[in-house]
Amino acid sequence: RNTYLGLEDFSVSDTSGTEEDTDSAVLYGTLRGSVVGLRYYTGIVNNNEMVALQREPSNPYDKNAVKVNNVNGDQVGHIKKELAAALAGIMDNKLALIEGVVPYGAKNAFTMPVQMSFWGREENKEAVLDQLKRHGFKLAPPLKGNEFDKLFEDLKEDDKTCELEGAEAVATLLLPHQKQALAWMVSRENSNDLPPFWEERSNFYYNTLTNFAEKQRPKNVIGGILADDMGLVILTELVLVFVWFCLVFLLGGGGVKKFRKDFQRTISFFNFYFALNIQSVETKYSGDGPSATLIVCPLSVLSNWIDQFEQHIHQNFHVNIYVYYGSDRSRDPSFLSEQDIVLTTYNILATDYGMRGDSPLHKVTWLRIVLDEGHTIRNPNAQQTKAALNLDGHRRWVLTGTPIQNSVKDLWSLISFLKLKPFTDREWWHRTIQRPVTMGAPGGLGRLQSLIRSITLRRTKKSKIKGKPVLELPERKVLIQHITLTEEERQIYQSVKKEGKAAISRFFSEGTVLAHYADILGVLLRLRQLCCHPRLCINTSSSSFSAGDKTPEEVHEMLVNKMKLVLSSGSDEECAVCLESLTVPVITRCAHVFCRPCIFEVIRSEQPNAKCPLCRSELRAEHLVECPLEGEIDSSNEKKSDQEWISSSKINALMHALIELRRDDPTAKCLVVSQFTTFLSLIENPLKESGFAFTRLDGSMAQKKRVEAIQCFQSSQAGSPTVMLLSLKAGGVGLNLTAASRVFLMDPAWNPAAEDQCFDRCHRLGQKHSVVITKFIVKDSVEENMLKIQKKKRELAAGAFATKKPSASEIKQTKINEIKALIDL
DNA sequence: ACCGCCGGGTGCC
DNA sequence: ACCGCCGGGTGCC
């Protein structure tokens, strides 16, 4: 199973089969059994301690053998053979998840009882009961009285309101929330506290969740999660203090003056990192042990880092920074460990870990590991997650704007990365936190909150310290401007709508909605495009809804087109296997789009008769079609510049607003945002005609061009552009466009979060003016319906925490409902 | 006694 | 294991 040489792969074995459904598992019942052979093993348990049951098919005495392990993974004994004979089949076929608790008998020498709970999908219940019955066992109803309650003890909350007063000269530079963050971080780096849910009890360390105890003191993580939707804010200038301390340490105060001056420049978020790294320099001087800090980030922010390091560190200190990226990267672990900072991306990390089996990054013991945009690793099955979890180094920090997106599930990878015992093992995480929370067990949420509180610093824009908002941003207003189409535009719109509605109605009555998912998205896309400009959908009219008899080439082309359609439709498609946004999209013959690795895993595990996870059609690796070219997804209809330019109602409304704005304030800058880059191109025309200086930022631009466009736009020089044409999803979270105080959103997005994120690019620290956002919405159109869906999504997101993540089929059902609402069915 | 009963040896899977 | 189970020793009252 494990093809990655030499590196422990801790989750492959428990991620197939039942894993996907652990959230929807029901409790079949409980059964008392016995653990035997205690005297042969070293693993010990306490009364009421949780134990894990593990199949041991290779046991020479009994192929049905089931091992019993304690929380530490040490074997306690075996399940008695008659019972094991009944359990083996259930476990091997993943019909149920069997969990054990040893109720008493902790001091028994030979055998002890074990209370087992059987969990699984409703449809497997009968088979499990049957199998047990055949061996003469019968499940008892679930135990009453919630054991979780009595186990749970709230932790004292860390005092995060305490501020750290830095050196006098520095303290004045810090805002209260910065001092607070600093104090927290310093305390995390220096604390000797036990990790959450551990207590010291008469020479033993005792875990209050699992009732596991051991002599050895469990390590608390040196580090934590900085969860901050204004991450860019809270850490700003934090570096000053770090650097200050370190300088005092290093230079004894001598070089401090010059240094401080340098740092009174505008300082950005990324300073945090080199703050940490300066510390690593200090550690290097102060003794042996690892001295290199590894920073992993998405590719999109890599250059930001490099810039920051170049600007600040190189000149001031002789800090060795190595960017571990590109095919010529050094493969020498000892070279890497000599660096002060090694910078790399999640992709490189994952590639090295997976392909080479001797990843240099995994051979180094790091002083500190920092995961930037740490939510990147929220999918426990993703290669980059496994790669990150297996990095070696005791100080571990996760920086993320969105640690808990939709579910508790997403948190596991982060907690596991922090190496908090016993949560690194998925089973214990699931039994003690995830299930109690998702099933609403009393105390479950409290437990989770306790955990989060003790290891994360979470601040939102709305957080307050001592009754005052942490951050006072200028006001932000969202206006909706309704647009009425011209008679001509309306005619085209209605005719396309009529045709599309007829087709979609047919799909509904035939029950083939899922099979025509891409076509339906296509109809909706065309309608949305027509709301913007009639020319946007000129080339996407191939409404061949039936596959018919086609040559392989034609099928291939059709699939590629469908995939492009899905990807460019802006509907924020998720892969139904991993439920993440698509990476390396491929399309099946039945026209459903998945991540390449995900669908290959499905094919591999279900072979020889793999079925499409969405529609159960036949699925074959050789039929999968990949997306031909990354980037220029909707460029297919871009090649018509020779045509005469015409305006549209929306463009007229925009130009009217822009000209008015310029008249009132010639220096005011604004963002013009659309999901359709072709639309942005169409807007360029009237901008030129009306003499606007503008710039443009979209996903297809090379990194260098982007940086240029951003700098140009942010400049306050006379004659600098006042308009930026921005594609909705361009740029990462870090994109800073605070020069703009107006936003024109040309077309609504499916996902309101995407819009909000876009607005945040100018409504953030550094914004001096109030921000006015104008959304253009065409009356009586698909756009108005999209607003309703957005509203629903917002409400859903507001109560999101603790609700479980929807399954693939639920996602599709939601989408079908959306489709109905969108086209008035 | 092709039984019962006794008591020693023994012990996970 | 202060059990169960095994198999050898033994055998009226």
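Residues numbered from 1 in each chain as written. Chains lettered and ligands numbered in written order. Predicted model: local features only at pLDDT ≥ 70, side-chain atom pairs only at ≥ 80, totals over all residues. Heavy atoms only, no water.

You can see phenylalanine 423 is positioned in the loop between helix H14 (411-417) and helix H15 (426-438). Residue phenylalanine 423 is classed as buried on the basis of its relative accessible area, which comes to 1%. Along the chain, phenylalanine 423 and tryptophan 412 lie 11 residues apart, while their C-alpha atoms are 7.8 Å from each other. Other than its neighbours up to four places away in sequence, phenylalanine 423 contacts Phe197, Leu209, Trp412, Ile415, Trp429, Thr432, Ile433 and Leu451. (Helix = DSSP H or I, 4+ residues; strand = E, 2+ residues; numbered from the N terminus. Buried < 20%, exposed > 50% of the residue type's maximum accessible area, 1.4 Å probe, protein only. Contact = heavy atoms within 4.5 Å.)

Moving on: the pairing of strand E11 (residues 293-297). Across the 5 residues that make up E11, a large majority, 5, are buried. By the alternation rule, side chains of E11 split into Thr293, Ile295 and Cys297 and Leu294 and Val296, which are all buried. In the sheet, E11 pairs with strand E14 (residues 365-371) via 4 bridges, with the strands oriented parallel. The residue bridging threonine 293 from the neighbouring strand is arginine 368, located in E14. Two elements, E11 and strand E13 (residues 341-345), share 5 bridges in a ladder whose sense is parallel. Looking at the pairing, valine 296 lines up with threonine 344 of E13. (Pairing = 2+ DSSP bridges.)

Moving on: the pattern of salt bridges. If you walk through the whole model with that rule in mind, you get 22 salt bridges. With its nearest N and O atoms 2.5 Å apart, the salt bridge here joins arginine 329 to aspartate 352. Here arginine 329, found in the loop between strand E12 (321-323) and helix H11 (333-337), pairs with aspartate 352, found in helix H12 (residues 346-356); they are 23 residues apart in sequence, far enough to count as distant. Through salt bridges with shared partners, a single network forms among Glu99, Glu427, Arg431 and Arg435. (Salt bridge = Lys/Arg side-chain N within 4 Å of Asp/Glu carboxyl O.)

Now for the packing of H15 against helix H16 (residues 444-455). Packing of H15 against H16 leaves a shortest axis separation of 7 Å and a crossing angle of 120 degrees. The orientation of H15 with respect to H16, classified from their angle, is oblique. Along this stretch, H15 crosses H16, giving a crossing that reads as left-handed. For the pair formed by H15 and H16, the contact residues are Trp429, Thr432, Ile433, Pro436 and Val437 on the first element and Gly444, Leu445, Arg447, Leu448 and Leu451 on the second. (Axes fitted to C-alpha atoms, helices over the stretch in contact; angles between N-to-C directions. Parallel < 35°, antiparallel > 145°, perpendicular 65-115°, else oblique. Left-handed = near helix turned anticlockwise from the far one by under 90°.)

Take the protein's contact with DNA strand B next. In the vicinity of DNA strand B, the contacting residues are Val36, Gly37, Arg39, Tyr40, Tyr41, Asn59, Tyr61, Asp62, His78, Ile79, Lys80 and Lys81. At the protein interface, 50% of the atoms of DNA strand B within 4 Å belong to sugar or phosphate. Tyrosine 41 is positioned with one of its side-chain polar atoms (N or O) 3.0 Å from a base nitrogen of DNA strand B. One of the side-chain nitrogen or oxygen atoms of histidine 78 is found 2.8 Å away from a base oxygen of DNA strand B. Split into classes, the residues belonging to the surface near DNA strand B amount to 5 nonpolar, 3 polar and 4 charged. (Near = heavy atom within 4 Å. Polar contact = N/O pair within 3.5 Å; in protein donor to acceptor, adjacent residues only side chain to side chain. Nonpolar A, V, L, I, M, F, W, Y, C, P; charged D, E, K, R; others polar.)

To continue, consider H16. In this model, H16 (12 residues) spans 17 Å end to end at C-alpha, consistent with the 16 Å of a helix rising 1.5 Å per residue. Turning to H16, its buried residues are Gly444, Arg447, Leu448, Ser450, Leu451, Ile452, Ser454 and Ile455. (Expected span 1.5 Å × (residues − 1).)

Let's shift gears to helix H21 (residues 649-664). The end-to-end C-alpha separation of H21 is 23 Å, in line with the 22 Å expected for 16 residues at 1.5 Å each. Listed as buried for H21 are Ser649, Lys650, Ile651, Ala653, Leu654, Met655, Ala657, Leu658 and Leu661.

With that settled, consider the pairing of E13. Of all 5 residues that make up E13, 5 are buried, and the element is covered over most of its length. Of the two faces of E13, the one holding Ile341, Leu343 and Thr345 and the one holding Val342 and Thr344 are both buried throughout. As judged from the 3 bridges shared by E12 and E13, these two strands associate in the parallel manner. Along E13, the bridge assignment pairs valine 323 with leucine 343.

Residues with a pLDDT of 70 or more make up 73% of chain A, whose mean pLDDT is 77. Considering only residues more than four positions removed or in separate chains, one finds that residues 146-173, a stretch of pLDDT under 50, has 66 contacts. Within the model, pLDDT remains below 50 along residues 540-547, and this stretch shows 11 contacts once partners closer than five positions in the same chain are excluded. (pLDDT = per-residue confidence, 0-100.)

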